[in-house]
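Below are the chains, spelled out letter by letter.
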Amino acid sequence: MKFLDEYRDADAAQHYARAIVRMVTRPATIMEICGGQTHAIMRYGLPELLPPEVTLVHGPGCPVCVTPLELVDKAVEVAARPEVIFCSFGDMLRVPGSQGDLLSVKARGGDVRTVYSPIDALKLARAHPDKQVVFFAVGFETTAPANAMAAVQARQQGLRNFSMLVSHVLVPPAMHAILSSPHNRVQGFLAAGHVCAVMGYVEYEPIAQQYQVPIVVTGFEPLDLLQGIYRCLKQLEEGRVEVENAYPRFVRREGNLPAQATMRDVFRVIDRKWRGIGAIPQSGLGLKEQYAEFDAEQRFGVAHVTVEEPSECISGLILQGVKKPFDCPVFGTRCTPETPMGATMVSSEGACAAYYRYRELKDRAAH
Ligand code: SF4
């Protein structure tokens, strides 16, 4: 197939769905890791095509959702300073910290700007030498190479007014945390195709063997997802445990080696807190000592900020596949996309937002 529309073909989707129905003989719970996949699954109504034995649960792969509360509070504190231009991807602006969000800083006169890449932030730093430009570097392995490159370029260009508030997280440690939990119900994973385009899937092979779970590298279109689900279920039915690549148009086993090298040059692996989940050892990236001059936490003295998560939001359990958004007592009542109480309702990739949005669309279509 060459064109995007072909990956959304309804007849082909029905064909896959029928093949899944014919094949499945036992219950299976599969987790897609990426929030983009969660949204596509809900948008195209894929759970309704699957037999009742198959349960899809939604993983921690939405970067906005897992950025810890205290990092949001640090961002709010830095962004409120008069000398700062604070740059962030749009979704992060509405994520509630314990003392408000970045949009409320902007409403109070703070210079908070939406950017589409770290290169935009570098341009701002060059254009405003009298200001401190801070980039909120969130995301998984997908965005880490570009953010690492921004630090490299800032050094090459001698930019002393540029820094990054780094909140990068890594997928494999989160998979370990989910699979080793006593509450784990995940029997197979759809690995995120874009992360694997950077990192490859060599690092998933020992995870599959250690926990005896199939892992299928999967894309983001409906047919990609149905194929990933089909191949994962097929392994479970046949008692096989392998890492399979169902996204070969973008992913090679070894990944993008130059991108990985850039990440390794700039970042080191550190312990990281995940919102709603807590600390996961060796699950994040921080700037290496050689790049510490670009560390906004050090530059603005906010490294000490710590905050406890509110107890009412169960997004941590949702992100581990233990609960679904409908299990949250405030889902769709006190917590909606207009009044989000947790990050999984704020982000366009969050599981709660996906359930709310596509449930509402279905309800409207039914009346
Ligand atoms: S519905 Fe809101 S409060 Fe409940 S888990 Fe989702 S984000 Fe948290």
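Our structure's up above, just so we're on the same page.
Rules behind the numbers
Residues numbered from 1 in each chain as written. Predicted model: local features only at pLDDT ≥ 70, side-chain atom pairs only at ≥ 80, totals over all residues. Heavy atoms only, no water. Near = heavy atom within 4 Å. Nonpolar A, V, L, I, M, F, W, Y, C, P; charged D, E, K, R; others polar. Helix = DSSP H or I, 4+ residues; strand = E, 2+ residues; numbered from the N terminus. Buried < 20%, exposed > 50% of the residue type's maximum accessible area, 1.4 Å probe, protein only. Contact = heavy atoms within 4.5 Å. Phe/Tyr/Trp six-rings, centres within 6.5 Å; stacked < 30°, edge-to-face > 60°. Pairing = 2+ DSSP bridges. Axes fitted to C-alpha atoms, helices over the stretch in contact; angles between N-to-C directions. Parallel < 35°, antiparallel > 145°, perpendicular 65-115°, else oblique. Left-handed = near helix turned anticlockwise from the far one by under 90°. 1 Å grid on protein atoms, 1.4 Å probe; cavity = no way out; pocket = protein on both sides within 12 Å on 5 of 7 lines; lining within 4 Å. Points joined across faces, edges and corners; volume = space filled by probe spheres on them. Right-handed = clockwise from strand over helix to strand, strands pointing away.

Draft legend 1. A look at the site of the ligand. Taken together, 13 residues sit near the ligand, with Cys313, Cys328, Cys335, Thr344 and Cys352 positioned nearest. Looking at the shell around the ligand residue by residue, the class counts come to 10 nonpolar, 3 polar and no charged.

Draft legend 2. Fine view of the side chain of asparagine 161. Within the fold, asparagine 161 resides in the loop between α8 (144-156) and β6 (162-169). Relative accessible area serves as the criterion here: at 8%, asparagine 161 is assigned to the buried category. For asparagine 161, the contacting residues outside a window of four places in its chain are Ala125, His128, Pro129, Lys131, Gln132, Val133 and Arg299.

Draft legend 3. Layout of the packing of aromatic side chains. Per the stated rule, a full pass over the model turns up 11 aromatic pairs. Relative to phenylalanine 135, the ring of phenylalanine 89 lies with its centre 5.6 Å away and its plane at 85°, an arrangement referred to as edge-to-face. Taken as a pair, phenylalanine 89 in the loop between β3 (84-88) and α6 (102-107) and phenylalanine 135 in strand β5 (residues 132-139) lie far apart in primary sequence, 46 residues in all. When the centroid spacing of 6.5 Å and the interplanar angle of 55° are considered together, the rings of phenylalanine 162 and phenylalanine 294 count as tilted. Of this pair, phenylalanine 162 sits in strand β6 while phenylalanine 294 sits in the loop between β11 (278-287) and α14 (296-299), and the two are 132 residues apart along the sequence. You can call phenylalanine 162 buried: its relative accessible area is 0%. We classify phenylalanine 294 as buried; its relative accessible area is 1%.

Draft legend 4. Structural view of unusual backbone geometry. The phi torsion at glutamine 212 lies on the positive side, around 55°, for a residue other than glycine. Summarising the element assignment, glutamine 212 is placed in the loop between α11 (205-211) and β8 (215-218). For glutamine 212, a relative accessible area of 48% puts it in the partly exposed group. The phi dihedral of glutamine 282 is positive, around 55°, even though this residue is not glycine. Mapped onto the fold, glutamine 282 is located in strand β11. A relative accessible area of 45% places glutamine 282 in the partly exposed class.

Draft legend 5. Molecular detail of the sheet that holds strand β7 (residues 188-192). Read across the sheet, 5 strands follow the order β2-β1-β7-β8-β9 without closing on themselves; strand pairing throughout is parallel. In this open sheet, the two strands that pair with only one neighbour each are β2 (54-61) and β9 (243-245). Between one strand axis and the next, the sheet turns through 25° on average, direction left out of account. Note: strand β1 (residues 28-34) against β2, 6 bridges, orientation parallel. Across the sheet, residue glutamate 32 finds its bridge partner in β2, namely histidine 58. The sheet strands contacting helix α2 (residues 35-43) are β1, β2, β7 and β8, and the helix crosses β1 at an angle near 120°.

Draft legend 6. Summary view of the packing of α8 against helix α13 (residues 257-266). In contact at an axis separation of 8 Å, α8 and α13 are set at 55° when each is read in the N-to-C sense. Taken together, α8 and α13 sit at an angle that is classed as oblique. For the pair α8 and α13, the sense of crossing is left-handed. Seen from α8, the contacting residues are Ala144, Pro145, Ala148, Met149, Ala151 and Val152; seen from α13, they are Ala259, Thr262, Met263 and Val266. Of the residues assigned to the contact of α8 with α13, the class counts are 9 nonpolar, 1 polar and no charged.

Draft legend 7. Looking closely at empty space enclosed by the protein. Counted by the stated rule, this structure contains 2 cavities of 30 Å³ or more. Space inside the largest cavity adds up to approximately 100 Å³. In terms of lining, the largest cavity is formed by 14 residues, of which the most central are Cys313, Ile314, Cys328, Cys335 and Cys352. Listed by contribution, the elements that provide at least two residues to the lining of the largest cavity are α15 (315-319) and α16 (343-346). Volume-wise, the second largest cavity comes out at about 40 Å³. If you tally residues by element for the lining of the second largest cavity, the top one is helix α9 (residues 171-180), at 4 residues. Taken together, the residues of the lining of the second largest cavity sort by class into 8 nonpolar, no polar and no charged.

Draft legend 8. Fine view of the pairing of strand β4 (residues 111-114). Across 4 bridges, β3 lies against β4 in parallel orientation. Residue pairing across strands places serine 88 opposite threonine 114, the latter belonging to β4. You can see the chain leave β3, run along α6 and come back into β4, and the turn it takes is right-handed.

Geometric descriptors of this kind do not, in isolation, establish any biological role.
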